[in-house]
Amino acid sequence: MAKRKILRFPDERLRRVSKKVTEFDDELFELLDDMRETMYANEGMGLAAPQVGVPIRVVVMDVNGNFFEFVNPEIIHQEGEQIDDEGCLSVGQFNDKVKRPYIVTVKAQDRLGNHYQITGEKYFARCVCHELDHLDGILFIDKSEHGKEYIEKHGKK
Ligand code: NI
């Protein structure tokens, strides 16, 4: 396993739409293991593959000590609402309020390609929404209360 470099806003590679995973092979296992190590080394709650420069639909998360791996995740149900602070390993020292659903159900594959579903609330729901947005090139600052000001101030290379 190895730690990987995390891309930082305004790197354009964070804005790509990531591709679906079709090969469940050693390269994917290595990526997932490296992402896990990178997330924990940076004390993150979640990490999406495009954040380490790999534009495929892969996410790792740790919510309350529970580790999750999602390949090709999709939100298939959401309900309720919550507003709370978020940050991002690709954004740096900035936390801001974002509105998210309170409960989400995710459909995904595991590293072997097996399909499964999981439902969670609160931090789980928030983290899923944040990480899945990365797969579509969306950052929390695109949606947060003062994100526009942050983008205007830091968005130039
Ligand atoms: Ni993030």
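Computed from a predicted model, the values in this text were never measured in an experiment.

A. Broad picture of the pattern of salt bridges. Scanning the model with the defined rule gives eleven salt bridges in all. Note that D34 and R4 form a salt bridge whose closest N and O atoms lie 2.8 Å from each other. Taken together, the positions of D34 in helix α1 (residues 26-41) and R4 in the segment before α1 put the pair 30 residues apart, joining distant regions of the chain. Since its relative accessible area comes to 3%, D34 is described here as buried.

B. How the structure looks around the sheet that holds strand β6 (residues 103-109). Strand order in the open sheet made by the five strands is β1-β2-β3-β6-β7, with antiparallel pairing throughout. Two strands lie at the open edges of the sheet, namely β1 (46-48) and β7 (115-121), each paired on one side alone. The sheet shows a mean angle of 40° between the axes of neighbouring strands, direction not considered. As paired elements, β6 and β7 share seven bridges and run antiparallel to each other. Looking at β7, one finds that Q109 is bridged to H115.

C. Here's a closer look at the coordination of the nickel ion. On the protein side, the nickel ion has C88 (SG), H130 (NE2) and H134 (NE2) as donor atoms, found 2.1 to 2.2 Å from it. Written as a sequence motif, the donor arrangement for the nickel ion is C-x41-H-x3-H. With C88 in the loop between β4 (82-86) and β5 (96-100) and H130 in helix α2 (residues 123-135), this pair connects stretches of sequence that are 42 residues apart. Since its relative accessible area comes to 10%, C88 is described here as buried.

D. Region of the structure containing the layout of surface pockets. Approximately 440 Å³ is the volume found for the largest pocket. Lining of the largest pocket is provided by 23 residues; of these, M45, E86, G87, C88 and L89 occupy positions nearest its centre. Those elements that provide at least two residues to the lining of the largest pocket are β4 and α2. Among the residues forming the lining of the largest pocket, the class breakdown is six nonpolar, ten polar and seven charged. When its volume is computed, the second largest pocket comes out at roughly 230 Å³. Lining the second largest pocket we find R4, K20, V21, T22, E23, D25, E27, L28, E30, L31, V54 and I56. Tallied by class, the residues present in the lining of the second largest pocket amount to five nonpolar, one polar and six charged.

E. Expanded view of a negative patch on the surface. Residues E23, D26, E27 and E30 make up a contiguous surface patch of negative charge. Given the relative accessible area of 54%, E23 is considered exposed.

F. A look at the nonpolar core. Judged by nonpolar contacts, the single largest core of 16 residues is most densely connected at V59, M61, F70, V104, V106, F124 and V128. Looking at this core, the elements that each hand over two or more residues are β2 (58-63), β3 (66-79), β6 and α2. No other element matches the seven residues that α2 contributes to this core. Residues within four places of M61 in sequence aside, it is in contact with M39, M45, G46, N66, F67, F68, F70, F124, C127, V128 and E131. Formed by 13 residues, the second largest nonpolar core is a distinct cluster that contains V21, L28, L47 and V60.

G. A look at the pairing of β3. Here β2 runs beside β3; their pairing, made up of six bridges, is antiparallel. Bridge assignment links V59 to a residue of β3, and that residue is F70. Counting the residues in the hairpin turn of β2 and β3 gives two residues, including N64, whose phi is positive at 50°. In terms of strand pairing, β3 meets β6 through six bridges, oriented antiparallel. Pairing of E74 across the sheet is with K107, part of β6.

So, how was this worked out
- Residues numbered from 1 in each chain as written.
- Predicted model: local features only at pLDDT ≥ 70, side-chain atom pairs only at ≥ 80, totals over all residues.
- Heavy atoms only, no water.
- Salt bridge = Lys/Arg side-chain N within 4 Å of Asp/Glu carboxyl O.
- Helix = DSSP H or I, 4+ residues; strand = E, 2+ residues; numbered from the N terminus.
- Buried < 20%, exposed > 50% of the residue type's maximum accessible area, 1.4 Å probe, protein only.
- Pairing = 2+ DSSP bridges.
- Axes fitted to C-alpha atoms, helices over the stretch in contact; angles between N-to-C directions.
- Donors = N, O, S within 2.8 Å, 3.2 Å for Na, K, Ca; no water.
- 1 Å grid on protein atoms, 1.4 Å probe; cavity = no way out; pocket = protein on both sides within 12 Å on 5 of 7 lines; lining within 4 Å.
- Points joined across faces, edges and corners; volume = space filled by probe spheres on them.
- Nonpolar A, V, L, I, M, F, W, Y, C, P; charged D, E, K, R; others polar.
- Patch = residues over 30% accessible without salt bridge, like charges linked within 9 Å, V, L, I, M, F, W, Y side chains within 5 Å.
- Areas by Shrake-Rupley, 256 points an atom, 1.4 Å probe, with all protein chains shown as cover.
- Lys, Arg positive; Asp, Glu negative; His and termini not counted.
- Charge placed at Lys NZ, Arg CZ, Asp CG, Glu CD.
- Core = buried A, V, L, I, M, F, W, Y, C linked by side-chain atoms within 4.5 Å.
- Contact = heavy atoms within 4.5 Å.

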